[in-house]
Amino acid sequence: MSGTTNVCMNLPPHLTVREGRLHIGSHDTVALANKYGTPLYVTDEQRIRSNFAAYHDALTGYYDRVQMLYAAKANGNLAVLKVFADLGAGADVFSAGELYLALVAGMKPEHLLFNGSSKTPDDLKLAVQKNVRVSLDSVDEMMQLNEVARAMGTTVECSFRVNPAMEVPTHPKIATGLATSKFGIHAGEIIDAYRAAVEATNIVPVGLHCHIGSQILDVAPFAEEAAVLVKVAKQITDLGVNLRFLDMGGGLGIPYNHMTEVAPTPQEYADAVMPVFMDGIEKAGIRPELWVEPGRNLIGDSTVLLTRVNSVKRTHKAFVNVDAGFNLLARPVMYDAYHEVIVADRAEAAPAGTYTITGPICETGDILAHDRMLPEVSFGDTIAILDTGAYGFSMSSQYNSRPRCAEIMVNGGMEAPMRRAETIIDLKMTMEQLPWQ
Ligand code: LLP
């Protein structure tokens, strides 16, 4: 299309610049910001669908028994969950809320796995009631689940999460398979856990679960994980357990820095993982379903966060004060995460200076992007923060009593809100009047 480009900053195909303005799908981001107000999360449904297809097709090219479980924590909006349900995905759910929303979205209970290292008795009861399998994190938890199922006069299918004791190249806060991590049971001890589960009256072990961490840009750790998984699976099979699924946990990372980071493709992931997996299940003499729980790779790059410039201040550096802070995007503060920034109104203008994008929160650390070369920025401009589809809105808060913003979905020529913005009145809706005030 003439007047269209996505060459600047290696933009993915759903992000383009037309007549100088950043577009998502066919939608002008500045027009969306004007129409719906800012801050505003905007997600492209078509991008989610193509990310899903790439991941799914790469795996099913090797094996026909693959079930995708979208990691609902990445973005739990019902509209998003419905897209994944429509694609045939289930979900990795980590709370009663995620479980409830996944079912409302139309996902099948048999395609859900209730994960987590600290579930309440009510959580366990909900899983049994809804016929959802549970990934257990300890023998203690297994005994409690057994008791819940016994009291309800039924049995429950489950897996244990194995801790593969692996160092992985990512931020330490999101490396979940370290030997020292709070998650899972070490490979050397897990057979005893399965033995105990086999003996328990109301528990049926049917799976094995693992997760090594998030935002990993190398396929080798996943291949190593697959090797642990199939090795442990063989031992469990030898115990007499009929393993119906092996779950690799979360998926590949994405390139947040579009100039310097390169992410492996889902095909490269499959090429590294699947031969190890196929060889391992053959040696174990089993044909379980392969479950994967990608979140970020499916939805991370589908979304931009649009935020308005309130003021520009030049002191020892140029600060751009915008209307979104770590209340809406916690990743930069929490993990020193990098997100690309575009001045949506003049996306192709030449850089004019170095700017630091700062939020409205009363903390010095409320910085969304440090020292970026950008075109001249001034009051009223719309700044787009890229790759905010995963762990963006889902980690938002009302800190500083700031209502959370709206989320919009675009899909081809269509656009619609998928969450209204909270209002200041909403802030007090859950607060109670004390009898003595
Ligand atoms: N499965 C389990 C059991 C998980 O704990 C996670 C993520 C996933 C799947 C999905 O992983 P993914 O495919 O998205 O990498 N808030 C952090 C990320 C935390 C990830 C926690 N677990 C961030 O913003 O980077």
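Source: prediction; values computed, not measured.

### Points about the site of the ligand
Then comes step 1: Close contacts around the ligand come from 19 residues, with Ser214, Glu293, Arg331, Tyr335 and Tyr391 the closest.
Then comes step 2: One of the side-chain nitrogen or oxygen atoms of Arg331 is found 2.7 Å away from an oxygen atom of the ligand.
Then comes step 3: In isolation the ligand exposes 590 Å². Once the protein is present, 94% of that is buried.
Then comes step 4: Of the pockets mapped on this structure, the ligand occupies the largest pocket.
Then comes step 5: Grouping the amino acids of the shell around the ligand by side-chain chemistry returns seven nonpolar, six polar and six charged.

### Considerations on the confidence of the model for the chain
It should be kept in mind that the predicted coordinates are not to be read in detail where pLDDT is low.
Then comes step 1: Mean pLDDT over the chain: 95, with 98% of residues reaching 70 or higher.
Then comes step 2: Per-element confidence in the chain is highest for strand E5 (residues 40–44), whose mean pLDDT is 99, and lowest for strand E1 (residues 4–5), whose mean pLDDT is 46.
Then comes step 3: Long-range and interchain partners of residues 1–7, a stretch whose pLDDT sits below 50, account for 15 contacts in this model, where long-range means more than four residues apart.

### Re the packing of aromatic side chains
Each aromatic ring pair is specified by the distance between its two centres and by the angle formed by the two planes.
Then comes step 1: All chains considered together, the criterion is met by 10 aromatic pairs.
Then comes step 2: Ring centres of Phe52 and Phe84 lie 6.2 Å apart, and the angle between their planes is 55°; on these two criteria the pair is classed as tilted. A residue pair is termed long-range when its members are at least 10 positions apart, and Phe52 in helix H2 (residues 45–60) and Phe84 in helix H3 (residues 78–86) qualify at 32 residues.
Then comes step 3: Phe84 sits in the buried class, given a relative accessible area of 0%.
Then comes step 4: Chaining the aromatic ring pairs together yields one cluster made of Phe52, Tyr70 and Phe84.
Then comes step 5: The ring centre of Tyr338 lies 3.7 Å from the NZ or CZ of Arg372, which sits over that ring.

### Points about the state of the cysteines
Then comes step 1: Using the criterion set out here, one finds zero disulfides in the structure.
Then comes step 2: The closest cysteine sulfur to the non-disulfide-bonded Cys158 is located on Cys210, 16 Å from its own sulfur.
Then comes step 3: Here Cys362 is not cross-linked by a disulfide; its sulfur's nearest cysteine counterpart is in Cys405, at 19 Å.
Then comes step 4: Note on Cys362: relative accessible area 57%, which makes it exposed.

### Topic: the packing of H2 against helix H9 (residues 266–284)
Then comes step 1: In the contact formed by H2 and H9, the axes pass within 8 Å of each other and the chain directions differ by 30°. Taken together, the axis directions place H2 and H9 in an arrangement best described as roughly parallel. Both H2 and H9 take part in a crossing whose hand is right-handed. Contact residues: Ala54, Tyr55, Ala58 and Leu59 in H2; Pro266, Gln267, Tyr269, Ala270 and Met274 in H9.
Then comes step 2: Each residue belonging to the contact of H2 with H9 can be placed in one class, and the counts come to eight nonpolar, one polar and no charged.

### Section: the nonpolar core
Then comes step 1: With 84 residues, the main nonpolar core has Leu59, Phe84, Ile190, Leu208 and Tyr269 as its most contacted residues.
Then comes step 2: Leu305, Val320, Ala324 and Leu368 belong to the second largest nonpolar core, which has 21 residues in total.

### Regarding helix H4 (residues 96–104)
A turn of α-helix holds 3.6 residues, and therefore any two residues three or four places apart point the same way.
Then comes step 1: Every buried residue of H4 is accounted for by Glu98, Leu99 and Ala102. Buried residues in H4, looked at end-on, bunch into an arc of 100°, giving them a common side.
Then comes step 2: At its buried positions, H4 is contacted by H3, strand E7 (90–93), strand E8 (112–114) and helix H5 (121–129).
Then comes step 3: Positive backbone phi, at 100°, marks Gly106, one or two positions downstream of H4.

### Concerning unusual backbone geometry
Then comes step 1: Backbone torsion omega between Thr38 and Pro39 reads -5°, so that peptide bond is classified as cis.
Then comes step 2: For Pro39, the position within the fold is in the loop between helix H1 (29–36) and E5.
Then comes step 3: The backbone of Glu19 sits at a positive phi, close to 45°, despite the residue not being glycine.
Then comes step 4: Tracing the sequence through the fold places Glu19 in the loop between strand E2 (15–18) and strand E3 (21–24).
Then comes step 5: Judged by its relative accessible area of 72%, Glu19 is exposed.

### What to know about the environment of Glu363
Then comes step 1: Within the element layout of this structure, Glu363 appears in the loop between strand E18 (353–358) and strand E19 (367–374).
Then comes step 2: C-alpha separation for the pair Glu363 and Tyr63, spaced 300 residues apart in sequence, amounts to 50 Å.
Then comes step 3: Beyond its immediate stretch of four places on either side in the chain, Glu363 contacts Phe326 and Tyr399.
Then comes step 4: Here Tyr399 takes part through its side chain, which lies 2.9 Å from a polar atom of the side chain of Glu363.

### Concerning the pattern of salt bridges
Then comes step 1: Under the defined criterion, the tally for this structure stands at 20 salt bridges.
Then comes step 2: A salt bridge links Arg49 to Asp86, with the shortest nitrogen-to-oxygen separation between them at 2.9 Å. With a gap of 37 residues between them, Arg49 in helix H2 and Asp86 in helix H3 connect regions that are remote in the sequence.
Then comes step 3: Taking the relative accessible area as the measure of exposure, Asp86 reaches 54% and is therefore exposed.
Then comes step 4: Glu157 is the salt-bridge partner of Arg133, the closest N and O atoms lying 2.8 Å from each other. One end of the pair, Arg133, is in strand E9 (residues 133–136); the other, Glu157, is in strand E10 (residues 156–163), with 24 residues separating them in the sequence.
Then comes step 5: What you see here is one network of salt bridges that share partners, running through Glu45, Arg49 and Asp86.

Reading the values: the criteria
The residue count restarts for each chain, going from 1 along the sequence in the order it is written. The predicted nature of this model means local features are confined to residues of pLDDT at least 70 and side-chain atom pairs, given and counted, to a pLDDT of 80 or more, with totals for whole chains, interfaces and linings taken over all residues. Water and hydrogen atoms were dropped before computing side-chain values, which therefore reflect all heavy atoms in the structure. Residues are labelled near a given molecule or strand when at least one of their non-hydrogen atoms is within 4 Å of it. Within 3.5 Å is the distance limit for a polar contact, defined as a pair of N or O atoms, with the added protein rule that one can donate a hydrogen and the other accept it, and that residues adjacent in sequence qualify only through two side-chain atoms. The method behind every accessible area is Shrake-Rupley, applied with a 1.4 Å probe, and residues are considered shielded solely by the protein chains displayed. Using a grid of 1 Å spacing that covers the protein atoms alone, one calls a set of points a cavity when a 1.4 Å probe fits there but cannot get out, and a pocket when the set is open and has protein on both sides within 12 Å along at least five of seven lines; lining residues are those with an atom within 4 Å of a point. Grid points define the cavity or pocket, and a molecule sits in it when more than half of its atoms lie within 2 Å of them. Each residue gets one of three labels, nonpolar for Ala, Val, Leu, Ile, Met, Phe, Trp, Tyr, Cys and Pro, charged for Asp, Glu, Lys and Arg, and polar for the others, Gly among them. For every residue, the predictor reports its confidence as pLDDT, a number between 0 and 100. Elements are defined by DSSP. Helices are runs of H or I of four residues or more, strands are runs of E of two residues or more, and each kind is numbered from the N terminus. By definition in these notes, contact holds between two residues if any of their heavy atoms fall within 4.5 Å. In this analysis, rings of Phe, Tyr and Trp, with Trp reduced to its six-membered ring, are considered paired at centre separations within 6.5 Å, and the interplanar angle assigns stacked below 30 degrees, edge-to-face beyond 60, and tilted for intermediate values. When a residue's accessible area, from a 1.4 Å probe over protein chains only, is under 20% of the maximum for its type it is buried; when over 50% it is exposed; and in between it is partly exposed. To sit over a ring, a charge needs its Lys NZ or Arg CZ within 6 Å of the ring centre and within 35 degrees of the ring normal. In this description, the term disulfide denotes a pair of cysteine sulfurs within 2.5 Å. Each axis is a line fitted through C-alpha atoms, taken for helices only over the stretch in contact, and angles between the N-to-C directions span 0 to 180 degrees. Angle categories are assigned with fixed cut-offs, so that under 35 degrees is roughly parallel, over 145 is roughly antiparallel, 65 to 115 is roughly perpendicular, and the rest are oblique. Handedness of a helix crossing follows the sense of rotation of the near helix relative to the far helix, less than a right angle counterclockwise being left-handed and clockwise being right-handed. Note on terminology: a nonpolar core comprises buried Ala, Val, Leu, Ile, Met, Phe, Trp, Tyr and Cys residues joined through side-chain atoms within 4.5 Å. Regarding the arc, it is the one traced by the directions from the helix axis to the C-beta atoms. Should a side-chain nitrogen of Lys or Arg be within 4 Å of a carboxyl oxygen of Asp or Glu, the pair is scored as a salt bridge.

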